[in-house]
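Each chain, letter by letter, is given below.
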Amino acid sequence: MRPYLPFLTALAEHNSKEWMDANKKWYQDTRAEFLEDVAVLLKGIGEWEPELLVFKPKDCVFRQNRDIRFSANKMPYKTNFGAYFSPKGKKSEGPGYYLQVQPGNSFIAGGIWMPMAETLKKIRKEIDYSGAELAKLESQPAFKSQFGEIEGEKLKTSPREYEPDHEFIEYLRLKSFTVSSKIADPDIASGAFLKIALDGFQKMRPLQEFLSKAIEDVEGAADIL
């Protein structure tokens, strides 16, 4: 059984440096197991994204400390474990695969969240040229049954460069291009989430490829996450 949920539940109840210091070994042991599971995911995704295999698990896992300098929430620690898998690393603006483990709020996600202006422009250009491809992948039964539709905050009107009656205007209005799927607590506890996550990541692969193709010449223009 994985120890993540008991630890994260306790951390949420006692979110302080004093508590973390007193439970340092519990945290270290739990994080070490999470790194082992991330290694499994890294190897699995690496079967179709071999560029990922240069990374170590710790390169994909987010820090537990929160940046509270400009936040009204002064709790010092995140109450989830998170890992992000992208061929050019956590700082890449390219599409990636995300796992969050949190009691009652575990999920996988993928795509690009709030890209910078130049990258967004490139994605919209690709939609203008190849929106039918995006619509086709979104309509695939395996994709649709798990993720529903591509999500993201939308413009209230059409982008300046495109007519309101554009065939793919709903995609063009998006400011993020993501999909997500919940994972139940029992699947986290048992470790079944590893297979669930890899299966889900494989299903979202066509979206990742579409987005990668769109931005391949602007990679490195900005950071994500």
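In the block above lies the structure referred to throughout.
Read on for an overview of the structure. (Residues numbered from 1 in each chain as written. Predicted model: local features only at pLDDT ≥ 70, side-chain atom pairs only at ≥ 80, totals over all residues. Heavy atoms only, no water.)

Let's shift gears to the sheet that holds strand 2 (residues 96-101). Taken in spatial order, the four strands of this open sheet run 1-2-3-4, and their pairing is antiparallel. If you trace the sheet from one side to the other, it starts and ends with strand 1 (81-85) and strand 4 (177-183), each paired once. Averaged over all neighbouring strand pairs, the angle between strand axes comes to 15°, with direction disregarded. Note: strand 2 against strand 3 (residues 106-112), five bridges, orientation antiparallel. In the strand pairing of strand 3, Tyr-97 is matched with Gly-110. (Pairing = 2+ DSSP bridges. Helix = DSSP H or I, 4+ residues; strand = E, 2+ residues; numbered from the N terminus. Axes fitted to C-alpha atoms, helices over the stretch in contact; angles between N-to-C directions.)

Below, the discussion takes up the packing of aromatic side chains. This structure, assessed with the given rule, holds 16 aromatic pairs. The rings of Tyr-4, Phe-7, Trp-19, Trp-26, Tyr-27, Phe-34, Phe-81 and Phe-193 are connected pair by pair, giving a single aromatic cluster. (Phe/Tyr/Trp six-rings, centres within 6.5 Å; stacked < 30°, edge-to-face > 60°.)

The next point concerns the environment of Gln-140. Turning to its location among the elements, Gln-140 is positioned in the loop between helix 5 (117-139) and helix 6 (141-147). For the pair Gln-140 and Val-54, spaced 86 residues apart in sequence, the C-alpha to C-alpha distance is 32 Å.

This next bit is on the pattern of salt bridges. If the charged atoms of two oppositely charged side chains come close together, the side chains can form a pair. In this structure the tally under the stated criterion is 11 salt bridges. The shortest N-O distance in the salt bridge between Lys-25 and Asp-29 comes to 2.7 Å. With Lys-25 and Asp-29 both in helix 3 (residues 24-45) and four residues apart, the pair spans about one turn of that helix. Given the relative accessible area of 59%, Lys-25 is considered exposed. When its relative accessible area of 41% is taken as the criterion, Asp-29 is described as partly exposed. As a salt-bridge pair, Glu-126 and Lys-213 come within 3.6 Å of each other at their nearest N and O atoms. Highlighted residues: Glu-126 in helix 5 and Lys-213 in helix 10 (residues 205-215), separated in sequence by 87 residues. In this structure Glu-126 comes out as buried when scored by relative accessible area, which is 13%. With relative accessibility at 35%, the residue Lys-213 sits in the partly exposed group. Connected through shared salt-bridge partners, Arg-2, Glu-33 and Asp-37 make up one network. (Salt bridge = Lys/Arg side-chain N within 4 Å of Asp/Glu carboxyl O. Buried < 20%, exposed > 50% of the residue type's maximum accessible area, 1.4 Å probe, protein only.)

What follows concerns the environment of Glu-51. Within the secondary structure layout, Glu-51 lies in the loop between helix 3 and helix 4 (57-60). Separated by 115 residues in sequence, Glu-51 and His-166 have C-alpha atoms that sit 36 Å apart.

Regarding helix 9 (residues 193-203), the residues found buried are Phe-193, Leu-194, Ala-197, Leu-198, Gly-200 and Phe-201. Along the axis of helix 9, the buried residues cluster in a sector spanning 165°; they form a single face. (Arc of directions from axis to C-beta.)

Let us now look at the packing of helix 3 against helix 9. It is the contact of helix 3 with helix 9, at a shortest axis distance of 10 Å, that shows an interaxial angle of 30°. For the element pair helix 3 / helix 9, the angle class is roughly parallel. Two packed elements cross with a definite hand, and for helix 3 against helix 9 that hand is right-handed. Counted together, Asp-37, Val-40, Leu-41, Gly-44 and Ile-45 of helix 3 and Phe-193, Leu-194, Ala-197, Leu-198 and Phe-201 of helix 9 form the full contact between these two elements. Looking at the contact of helix 3 with helix 9 residue by residue, the class counts come to eight nonpolar, one polar and one charged. (Parallel < 35°, antiparallel > 145°, perpendicular 65-115°, else oblique. Left-handed = near helix turned anticlockwise from the far one by under 90°. Contact = heavy atoms within 4.5 Å. Nonpolar A, V, L, I, M, F, W, Y, C, P; charged D, E, K, R; others polar.)

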